[in-house]
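Spelled out, the chains give:
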Amino acid sequence: MLSLIAYNQSLIDLLLLFTGFGISGIMIYVKIISIIEKEYRAAKISFLLSVIFFAPFISLYLYDFPYKEIASIVLLAVVVLVIILLFFPVRPKIKGGFQVPKEKHDERNVMFSRNELKPGTKQFDSYYSNNSDKKYLDDKFREKPGLLSPDSSMYHPFSFASAHANLEVIEALKPIVNGSVAKQVIDIEPSKISNYLKTWSKKLGAHSVGITELKDYHLYSHKGRGDLYGKEISNKQKYAIAITIEMDNEMMQTAPKGSVVMESTQQYLSSGTIALQLAYFIRNLGYSARAHIDGNYELICPLVARDAGLGEIGRMGLLMTLKLGPRVRIAVITTDIPLELDKRKDFSSVIDFCGICKKCADVCPSSSISFNQREEIKGVLRWKINHESCFTYWCTSGTDCGRCMAACPYAHPNNYMHNFIRWGISNSYIFRRFALYMDDLFYGRKPKSRNFPSWIDM
Ligand code: SF4
Ligand code: SF4
């Protein structure tokens, strides 16, 4: 009997040691990753937690006292219970899953289009006589220095000049989004060419690629920018290929400083270049293809990317991808080449997480993101964004801000640690609540804006 008790005790001691070292080892791993990511608050907290979590296990192992065995079993049982609670898949059905807009958006209402209207022109007068409610709101951003202006609050010569350079190259690319199609049509197999296009895009730098049928609701009703302003949009191509490209985390963590606009324009350019390469390639095979790049879209990229299985539209109105959250830029190619479609995935966990998180709304300097639940807008449940106040802030800072994107818990780097947490978020209702609490603890409810990377801040 005595030997059985002694055997049990040594097994419990072993389990105590194993669990204590395991938990604090995980915390040390988090600390190392946090240092690599320059998340010093997270590094300090994870070190502290490694000590706090280790203490009860090592104390029970080292000291003898009455009921030690019971205390040890209770502690181990709590650990097992917490693991079950966090990782058992609890997935209640989320109201209003996949929804499609009942009416098309007019690109002329997009802030960039409104920003391009010049007072005194026919387009300006016509737009505001039809949308008098927007005149007062738009006068506010027109009073500000403007995007990339030297008078803006975040003006920084190098990053602003780099962003200008990116935009100038994009401008030069706009005329080649469409082109002539080779006369000879090459026979292709949809699954093979789809795989080829995806693999090649990734080799060119894309983060994710998806294919969907081009739907009418993907398209804007009218052009809002460029020479074709006001033209009704008609695109009968059958397929749309959406590609996302990562925006660098270090550059984004400086939001709303100049490196954000430098990075976003860079990734508009990079995603646009890939889209153009694919479009040229497809036309060379004898099929029509049009690239949709920054400033020359016919469609709403996040909506296409969502339907192509790349993510879900979150609280801040952007596509939330599973591995980078909103920290991506998107470009699209519409085409007639026969392709294999990707299935739309269930991203209702994103809707649920956005429902409780609200971190983007908390950090937004212009209070443009709603704290409320989703509401029906044009027949679709979504979070309301105040585009006018957001854009007015951009015209004040001179950058495209990005505070919301930088603070989002989904936007942490694409590595094992964060991917594991994102997996937990998608797996369990309970884990989502725990992950949000931990994100606030490790990174702060309102994470601070970082300084420029040293090579930019010369
Ligand atoms: S910050 Fe939170 S609420 Fe906002 S988009 Fe990201 S996950 Fe959703
Ligand atoms: S970009 Fe900035 S101003 Fe606009 S919604 Fe995000 S945080 Fe707010």
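Here the structure is a predicted model, which is why all the values come from computation and not from measurement.

Engineer: Would you mind going over the overall build of the protein in detail, with residue names and values included?
Structural biologist: Helices and strands together make up the secondary structure of the protein, namely 17 helices and 8 strands. By principal-axis analysis of the C-alpha atoms, the protein measures approximately 95 × 55 × 45 Å. Long-range pairs, those at least 24 residues apart, make up 78% of the contacts in the protein with a sequence separation of at least 6.

Engineer: Which residues make up the domain arrangement of the protein, and what are the values?
Structural biologist: When the parts of a complex come together, some accessible area is lost, and that lost area is often used as the size of the interface. Assigned domains within the protein: domain 1 (2–87) and domain 2 (107–443). Computed over C-alpha atoms only, the centres of domain 1 and domain 2 are separated by 44 Å. Counting from both sides, the interface comprises 15 residues of domain 1 and, opposite them, 18 residues of domain 2. Of all residues in domain 1, the largest losses of buried area upon contact with domain 2 belong to Glu-37, Leu-86 and Phe-87, amounting jointly to 39% of the total for that side. Residue Glu-250 pairs with Lys-38 through a salt bridge whose shortest N-O separation is 2.9 Å. Only helix H1 (2–36), helix H2 (40–62) and helix H3 (68–87) provide two or more residues apiece to the side of domain 1 that touches domain 2. The dominant element in the side of domain 1 that touches domain 2, judged by the number of residues it contributes, is H2, at 5 residues. Counted by class, the side of domain 1 that touches domain 2 contains 10 nonpolar, 1 polar and 4 charged residues.

Engineer: Give a description of the site of ligand 2 that names residues and reports values.
Structural biologist: Residues in close proximity to ligand 2 include Cys-364, Pro-365, Ser-366, Ile-369, Cys-390, Trp-394, Cys-401, Gly-402, Arg-403 and Cys-404, which together make up its full environment. Going through the elements one at a time, helix H14 (387–397) and helix H15 (403–407) are the ones with two or more residues in the shell around ligand 2. Taken together, the residues of the shell around ligand 2 sort by class into 7 nonpolar, 2 polar and 1 charged.

The rules behind each value
Residues numbered from 1 in each chain as written. Chains lettered and ligands numbered in written order. Predicted model: local features only at pLDDT ≥ 70, side-chain atom pairs only at ≥ 80, totals over all residues. Heavy atoms only, no water. Helix = DSSP H or I, 4+ residues; strand = E, 2+ residues; numbered from the N terminus. Contact = heavy atoms within 4.5 Å. Domains from an automatic or database assignment. Buried area = accessible area lost by both parts, 1.4 Å probe. Salt bridge = Lys/Arg side-chain N within 4 Å of Asp/Glu carboxyl O. Nonpolar A, V, L, I, M, F, W, Y, C, P; charged D, E, K, R; others polar. Near = heavy atom within 4 Å.

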